[in-house]
Amino acid sequence: MQLLQLKELSKNYLTKKQVICALKNINISINENEFIVLVGPSGCGKSTILSIIGDLEKKSGGKIEFNKKNIKVGYMFQEDALLPWLNVLDNCMLGLKIQKRVTEENKNYVKSLLKKYGLESFEKSYPKELSGGMRQRVALIRTLATKPDILLLDEPFSALDYQTRITVSDDVFKIIKEEEKTAILVTHDISEAISMADKVVVLSNRPSIVKKIYDIKMDKKGLPSENRKNEKFNFYYKQIWKDLDHYEN
Amino acid sequence: MKTNDEHKKYLKKIRLNSAKVIFFQIIIFVLFITLWQILSDKGIINSFLCSSPKKVINTIISLWKSNDLFTHIWITLKEILISFGLGTIIGILFAAFLWWSPFASKVLDPYLTIINSLPKVSLGPIIIIWAGANQNSIILMALLISVISTIISVYVGFKQTNKINIRLLQSFKANKFQIFTKVVLPSNINTIISSLKINLSMTFVGVIMGELLVSKQGLGYLINYGSQVFNTSLVITGVVLLGILTSVLYFLILFIEKKLKKEW
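Here the residue index of a chain counts from 1 through its sequence in written order. Chains carry letters and ligands carry numbers; both start at the beginning, A for chains and 1 for ligands, and go up in the order they are written. pLDDT decides what is reported in this predicted model: residues at 70 or higher carry local features, side-chain atom pairs at 80 or more are listed and counted, and totals for whole chains, interfaces and linings draw on all residues regardless.

> I keep staring at the overall build of chain A and nothing clicks. Help me out?
Helix and strand content of chain A: eight helices and nine strands. Taken across its 249 residues, chain A has 43% of its residues classed as buried. C-beta atoms are first placed from the backbone for all residues, and any pair lying within 7 Å is then listed as a contact. Taking as baseline every contact in chain A between residues at least 6 positions apart, the subset at least 24 positions apart corresponds to 75%. Numbering of helices and strands starts at the N terminus; helices are DSSP runs of H or I of at least 4 residues and strands are runs of E of at least 2. To sort residues by exposure, count the other C-beta atoms lying within 10 Å of each residue's C-beta; 20 or more gives buried, 12 or fewer gives exposed, and values between give partly exposed, all with C-beta atoms placed from the backbone.

> How should the sheet that holds strand E2 (residues 19–31) of chain A be read in this particular structure?
To summarise the sheet geometry, strands pair through backbone hydrogen bonds and adopt either a parallel or an antiparallel arrangement. All names here are of chain A. A strand pair is defined by DSSP finding two or more bridges across the two strands. On the basis of which strands lie adjacent, the open sheet formed by three strands has the order E2-E1-E4 and antiparallel pairing. Only two strands of the sheet have a single partner each, and these edge strands are E2 and strand E4 (61–66). Neighbour-to-neighbour, the strand axes of the sheet open up by a mean angle of 15°, direction not taken into account. Across nine bridges, the pairing between strand E1 (residues 2–14) and E2 is antiparallel. The residue bridging Leu 9 from the neighbouring strand is Ile 26, located in E2. Where helices are involved, their axes are fitted lines through C-alpha atoms of the stretch in contact, as for all axes, and angles between N-to-C directions lie from 0 to 180°. Contacting E1, E2 and E4, helix H1 (residues 46–53) runs over the sheet at an angle of about 65° to E2.

> Honestly, the domain arrangement of chain A in this entry has me stumped. Any pointers?
Interface extent is often summarised as the accessible area lost during association of the parts. Residue and element names in this part refer to chain A. Domain boundaries assigned for chain A yield domain 1 (2–71 + 149–248) and domain 2 (84–147). Inter-centroid distance (C-alpha atoms) of domain 1 to domain 2 is 25 Å. If you look at the interface, domain 1 gives ten residues, while domain 2 gives eight residues. Among the elements that make up the side of domain 1 that touches domain 2, the one with the highest residue count is helix H5 (residues 162–178) (six residues). Of the residues in the side of domain 1 that touches domain 2, the class split is six nonpolar, two polar and two charged. Residue ranges assigned to each domain were obtained from an automatic or database domain assignment. In this classification, the charged set is Asp, Glu, Lys and Arg, the nonpolar set is Ala, Val, Leu, Ile, Met, Phe, Trp, Tyr, Cys and Pro, and all remaining amino acids, among them Gly, are polar.

> Mind showing me how you'd approach the nonpolar core here?
Side chains that are nonpolar tend, in soluble globular proteins, to be buried together. Counting 110 residues, the largest nonpolar core has Leu152(A), Ile184(A) and Val200(A) as the members making the most contacts within it. When residues in this core are grouped by element, the largest group, 15 residues, is from helix H7 (residues 135–159) of chain B. Beyond its immediate chain neighbours, meaning those up to four positions away, Val200(A) contacts Val37(A), Val39(A), Ala193(A), Ile194(A), Tyr214(A), Ile216(A) and Ile240(A). Residues enter a nonpolar core if they are buried, belong to Ala, Val, Leu, Ile, Met, Phe, Trp, Tyr or Cys, and are joined to the set through C-beta atoms within 7 Å.

> When you look at the packing of helix H5 (residues 102–117) of chain B against H7(B) in this model, what are you seeing that I'm missing?
If you want to describe how two helices pack, look at the angle between their axes and the distance between the axes. Residue and element names in this part refer to chain B. At a minimum axis separation of 9 Å, H5 and H7 run at an interaxial angle of 135°. The orientation of H5 relative to H7 falls into the category oblique. Note that H5 runs across H7; the crossing there is left-handed. In contact with Leu 112, Ile 115 and Asn 116 of H5, H7 contributes Ile 148, Ser 149, Ile 151 and Ile 152. Across the contact of H5 with H7, the residue classes tally to five nonpolar, two polar and no charged. Roughly parallel covers angles under 35 degrees, roughly antiparallel covers those over 145, roughly perpendicular covers 65 to 115, and oblique covers all other angles. Helix crossings fall into two classes, left-handed where the near helix is turned counterclockwise from the far one by less than a right angle and right-handed where it is turned clockwise.

Shown next, in the form of structure tokens:
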């Protein structure tokens, strides 16, 4: 079922000297429980799309149509953005606290998530005591705590080293699939995109348009780290590389 | 066993080193005091102009006997605590207001800069005319000196709050008040404490300046009175007491800092 649709979305950044057209006529439709990845050259405005869906920035034109009322959005950033003075549990409860939805039920939900994803014994720990991968998991649980209908992931692994990145991608992917969430992930890493996505949207340089959309079809699709070894992986990689390369010049 | 020995040696070395530092700190103090005493005893320096450690101690004892010692200290301490407290509260509230309204902060920016660089002591005479020749003038003077620097340093801290953390709260649809109390204020605890330290020394300057101008009691008065009757022992006693008072308050803030920082 379709969850949301971007229609002719455009965004201009205004400065004193000029008008910078970041997005131009972006059309994407997103189905429920789908994992969409947006790739594109850096600075092309892929993060802007998330900011607009998440209502952190205003659009210049076009429409965003949700097929449900009061849709809730959860955001995950490049950095984990954990508050260093709160322990893991309090960090996870932050969104609920702000929205004044701290109930016994919600608290138990957060605790069950922490337990399920191996952070139970760290409830009372502070962020600085955790590894980068664990921090990113806490950040995801904090986002899931508010029970969002759609997750917006803005290059959430770019601050991690390569190995952690692979394991955390697996973790995050697993959590998102198990909790049956819809997700839009932004990245400039083609391998990451192919290994995680149901659908890859390739964006062009600024002003950004949708260059191509790939349905990633693999036999025996599994965790991202397994998909990287899939025989179809290289095929998609070459295709997308070509799309991006073409537009760089 | 061997590594254990190595560690013991290392710890011993650290302890020895810090003992050395303290030893020399004490030596410098003792040397200074004895040299001062000997030079004035031998008449090499004029003890009428430069006083001597013994004279200072005698002055303190006689002040204590006439029940004046703690009266003077208390008066000054009270003025400092009132202006320090007011300066901190007003400073933080005003900084919060500037953070709240970028428009107001832009409008007020040149005024804050001018008031900050203006030597507030020059306003002393007019303050005395407005607030009267009493404690109010002293407190006002100290407040004026400390509050502007508090406003500026705390506001700069507020403005430099991690943008990602603010965006995170915005993504939860937090309002401005929630962003302030949940992120901006707690992440600036260290900024606020370091501004307290500066604020404290500013307040001392303000209070003593005020006391020199108008007071009838207090350490500033003691210093001023001493110089008028050419009693240098009294002047130096006032300075010494002031030094002790500053250190006590400063260490109090360091203690609070340690307590607060421990939490995370």
